[in-house]
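Observations on the model geometry
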Amino acid sequence: MTYFNKNAQLKNGYNAYIDTAVDDMGTQMDVGLLLMEDGDTFVFDEAEKEVAVLLFSGKVTYEWSGKKVEADRPDCFHHEAYCLLAGKGTKITLTAHGHSELYIQKTLNDKPYEAVMYTPETVQTEYKGSNGELMGCMEREIKTFFDLDNAPFSNMVLGEVLNHPGKWSSYPPHHHPQPEVYFYRFDYPAGFGAGFANGEIFQTGHNGLAVINHGFHSQTAAPGYAMCYAWGIRHLDGDPWDKTRIDDEEHEWLWKADANDHIYPNH
């Protein structure tokens, strides 16, 4: 597990967090944060890589293959996402209409395919832990933009989790063979939380990135601070992530219907 934050080095334009040309950290992906101001344009034109462009916040025009989408998302805590997934060789032009921040994820993919724009109307959202499980301590929203089910042509998976203040997510602790990245956002810049992976504990913060290559993982946000993080996975060759979740046997009892009763009998 590796965690790092580049807030001190962030600048207007593309900020690389993971660069496969230098070190992919086992993820097989490039990951970055694109910062744009009003009137800025940025072009992706990858000959060999597919690209996912997720709008965290701001107002941006996406243009590709003769198509255009106006995306407006004031923040990722109260508004649903726009995410473009484009195959290799697709030229993507982004134009900002105000300060905008976008998450970028790329990987090699030989299969050509037509780009897909995932919009607020098509985002898949699951509400987990909202029926009183563990006294509501793991209540969260899990959003999936694309995965093996709706984008079998892609080598990647991408979604977001809205972790409510003081709550837990990626819980109970679990793992899967495929490496995963988490890119953290907080509703206040001073927001923080804690991540657990492979026996290590790390403090999370705004614009931080965790690389989880193996081992059990879970996390929590500090009370008062909402946390939203992008979660990205690159399918392994011959072993795609198919909603794969292997729970830690030591904590499997937490799934039981009476798991609350050892503290609050008959609550």
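Our subject is the structure that appears above.
Residues numbered from 1 in each chain as written. Predicted model: local features only at pLDDT ≥ 70, side-chain atom pairs only at ≥ 80, totals over all residues. Heavy atoms only, no water.

Turning next to unusual backbone geometry. Across the junction of Tyr171 and Pro172, the peptide omega takes the value -5°, indicating a cis bond. One can find Pro172 in strand 14 (residues 168–175). Positive phi, normally seen in glycine, also occurs at Gln28, with a value near 60°. Along the chain, Gln28 falls in the loop between strand 2 (13–18) and strand 3 (30–36). A residue is classified by how much of its surface remains accessible, and Gln28, at 31% relative accessible area, is partly exposed. Positioned with a positive phi, Leu134 is a non-glycine residue whose angle comes to about 50°. Residue classification places Leu134 among the buried residues on the basis of a relative accessible area of 14%. (Helix = DSSP H or I, 4+ residues; strand = E, 2+ residues; numbered from the N terminus. Buried < 20%, exposed > 50% of the residue type's maximum accessible area, 1.4 Å probe, protein only.)

With that settled, the discussion passes to the pattern of salt bridges. Scanning the model with the defined rule gives eleven salt bridges in all. A salt bridge links Lys49 to Asp30, with the shortest nitrogen-to-oxygen separation between them at 2.5 Å. Of this pair, Lys49 sits in strand 5 (residues 49–64) while Asp30 sits in strand 3, placing them 19 residues apart in sequence. The pair formed by Lys49 and Asp30 is uniform in burial state, with each residue classed as buried. We note a salt bridge from Lys243 to Asp147, for which the minimum N-O separation is 2.7 Å. In this pair, Lys243 sits in the loop between strand 20 (227–234) and strand 21 (246–247) while Asp147 sits in the loop between strand 12 (140–146) and strand 13 (156–163), placing the two residues 96 residues apart along the sequence. Residue classification places Asp147 among the buried positions, given a relative accessible area of 2%. Taken together, the shared-partner salt bridges in this structure form one network comprising Asp147, Asp149 and Lys243. (Salt bridge = Lys/Arg side-chain N within 4 Å of Asp/Glu carboxyl O.)

What follows is about the side chain of Gln219. Structurally, Gln219 can be placed in strand 19 (residues 217–221). A distance of 3.4 Å separates the side chain of Gln219 from the side chain of Tyr229, its partner in a polar contact. Setting aside residues up to four positions removed in sequence, Gln219 forms contacts with Asn163, Lys167, Trp168, Ser169, Ser170, Tyr182, Tyr184, Ala194, Gly195, Met227 and Tyr229. (Polar contact = N/O pair within 3.5 Å; in protein donor to acceptor, adjacent residues only side chain to side chain. Contact = heavy atoms within 4.5 Å.)

Structurally, Ser100 can be placed in strand 9 (residues 100–108). The buried category is assigned to Ser100, whose relative accessible area is 0%. Reaching out from Ser100, the side chain makes a polar contact with the backbone nitrogen of Lys59 at a distance of 3.2 Å. The residues touching Ser100, leaving out its near neighbours within four places in the chain, are Leu34, Leu35, Met36, Ser57, Gly58, Lys59 and Val60.

So, about the environment of Tyr17. Tracing the chain through its elements places Tyr17 in strand 2. For Tyr17, the contacting residues outside a window of four places in its chain are Phe4, Lys6, Leu10, Met25, Val31, Gly32, Leu33, Phe183, Asn207 and Leu209. Engagement of the side chain of Tyr17 in a polar contact is seen with the backbone oxygen of Asn207, the distance being 2.8 Å.

Such coordinate-based values are descriptive only and should not be taken to indicate function.
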